[in-house]
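# Working through the structure, step by step
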Amino acid sequence: MSRYWRNIRAFGKDSRTKESLYYISEILSRFDLIAIQEVRDQRQELEKVVSILGKNWSHIATDTTEGAPGNGECIAFLYDTNKVTFKNMAGEIVLPKDGLIDELQFARTPFCVSFQAGWFKFNIATVHIYYGSGKEGLARREKEIACLAKFLTKRATKEDTNYVVLGDFNIPKVDDRYMNALEENGFHFPAPIKEHPTDLGETNHYDQIAFNLHMSDTMQIFDEKVQRAGAFNFTKSVYNENDFEAYIPLMDARQVEKGNVQDYFRKTWRTFQMSDHLTLWVELKVDFSGQYLENLKKQYAPIAPPIHIKPVLCT
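Below or above, wherever it landed, is the structure these notes cover. (Residues numbered from 1 in each chain as written. Predicted model: local features only at pLDDT ≥ 70, side-chain atom pairs only at ≥ 80, totals over all residues. Heavy atoms only, no water.)

In this section: the sheet that holds strand β8 (residues 163-168). Read across the sheet, 5 strands follow the order β5-β6-β7-β8-β9 without closing on themselves; strand pairing throughout is mixed. Across the chains shown, the open sheet's two edge strands, defined by having one partner strand only, are β5 (85-92) and β9 (207-212). Across the sheet, the mean angle separating the axes of adjacent strands is 20° when strand polarity is ignored. Across 6 bridges, the pairing between strand β7 (residues 120-128) and β8 is parallel. Within β8, the residue paired with H128 across the bridge is D168. (Pairing = 2+ DSSP bridges. Helix = DSSP H or I, 4+ residues; strand = E, 2+ residues; numbered from the N terminus. Axes fitted to C-alpha atoms, helices over the stretch in contact; angles between N-to-C directions.)

Laid out in structure tokens, this is it:
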């Protein structure tokens, strides 16, 4: 199964061309379970993409997070029903009173949903962590990440359940305090995930996929020798910098008149058509039938050797 995360910039009400929606749909169709951030309260573009993907696709989304920090955003999961099953549990993460972030909830409420793919049952939470600036803003970013990880780790231990957390953590570097806030509170990352920056400049590791697993040691969902992970750079395939002249008629005339159209195309126009983040993805093993049967064999193995009774022939 391939899982995919994507921050689609201002994904809302008919601001994209049909061409862009088909590009986005083509990318999404290569994966089985997709988490999307920055879905706006008017979800026409999301619904159009689901329609393009086809009848075997479904989606589930939160309501809009109110207030300035929430930025009018909600979060959504899209999934291929031929590969992934919704297990009838979904909810926004609300912190208890003793776990608040400086007496506050998350700026954008994380969304947790239960799914199953093959033999792998898991709860997956997607987030868009507060960015902030200055000493207080950066401290809040770190606290949001730490509080989320602690909350989910406690749940994972209590429920003996697999948890995956993914999304836009606004983590600049893989060895900084924001990444440590996740790792020190129960989550780990496949090494190939850490290798891939996810901004268009390919310098920052804003987006991550992390795991807190409660499985048998024989059930390994990610083997670096077998499974793969990466960040797909759509600019190598569509809306290449050499194509900007073809799209000038579709751009804001006021911006075109200002000059430096190529820079506007690269930094602004195409990011609102596609995204200002790259596609982060991971491939997981979900067939554990062999390991499951071996575990059952061990679990129900006879304690004592069987008794053999020799039949007696009566004459």
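Anyway, onward from the coordinates.
Turning our eyes to something else, we now look at the side chain of D80. Along the chain, the position of D80 falls in strand β4 (residues 73-80). Although D80 is buried, it makes no salt bridge; K83 carries the closest opposite charge, 4.7 Å away. Polar contacts involving the side chain of D80 include one to the main-chain amide nitrogen of N82, which spans 2.9 Å. For D80, the residues in contact, after removing those within four places along its chain, are D32, N56 and W57. (Buried < 20%, exposed > 50% of the residue type's maximum accessible area, 1.4 Å probe, protein only. Lys, Arg positive; Asp, Glu negative; His and termini not counted. Salt bridge = Lys/Arg side-chain N within 4 Å of Asp/Glu carboxyl O. Polar contact = N/O pair within 3.5 Å; in protein donor to acceptor, adjacent residues only side chain to side chain. Contact = heavy atoms within 4.5 Å.)

The complete set of buried residues in helix α1 (residues 18-28) reads S20, L21, I24, S25, I27 and L28. For α1, the buried positions fall inside an angular range of 160° around the axis, keeping them on one side. (Arc of directions from axis to C-beta.)

The subject of this paragraph is the pairing of strand β2 (residues 33-40). Across the 8 residues that make up β2, a large majority, 7, are buried. Across 6 bridges, the pairing between β2 and β4 is antiparallel. By the bridge assignment for β4, I34 is matched with L78.

Take the packing of α1 against helix α2 (residues 44-53) next. Look at α1 against α2: their axes get within 9 Å of each other, and the N-to-C directions meet at 55°. The pairing of α1 with α2 is recorded here as oblique in orientation. Considering the relative orientation of α1 and α2, their crossing is right-handed. Judged by residue contacts, L21, Y22, I24, S25 and L28 of α1 engage E45, K48, V49, I52 and L53 from α2. Taken together, the residues of the contact of α1 with α2 break down into 7 nonpolar, 1 polar and 2 charged. (Parallel < 35°, antiparallel > 145°, perpendicular 65-115°, else oblique. Left-handed = near helix turned anticlockwise from the far one by under 90°. Nonpolar A, V, L, I, M, F, W, Y, C, P; charged D, E, K, R; others polar.)

Right, let's get into the nonpolar core. F11, I36, L46, V49 and L78 are the most contacted members of the largest nonpolar core, which has 30 residues in total. At the level of secondary structure, the elements contributing two or more residues to this core comprise β1 (2-11), α1, β2, α2, β4 and α7 (261-273). For F11, the contacting residues outside a window of four places in its chain are R16, L21, I24, I36, E38, V39, R40, Q42, E45, L46 and V49. (Core = buried A, V, L, I, M, F, W, Y, C linked by side-chain atoms within 4.5 Å.)

Take the pattern of salt bridges next. A full pass over the atoms with the stated rule returns 14 salt bridges. Between R177 and E142 there is a salt bridge; the shortest N-O distance is 2.8 Å. Of this pair, R177 sits in helix α4 (residues 177-183) while E142 sits in helix α3 (residues 134-159); the two residues are 35 residues apart in sequence, bridging distant segments of the chain. For D263, the salt bridge goes to K267, with nearest N and O atoms at 3.5 Å. Placement of both D263 and K267 in helix α7 is noted, with a separation of 4 residues, approximately one turn of the helix. Judged by its relative accessible area of 48%, K267 is partly exposed.

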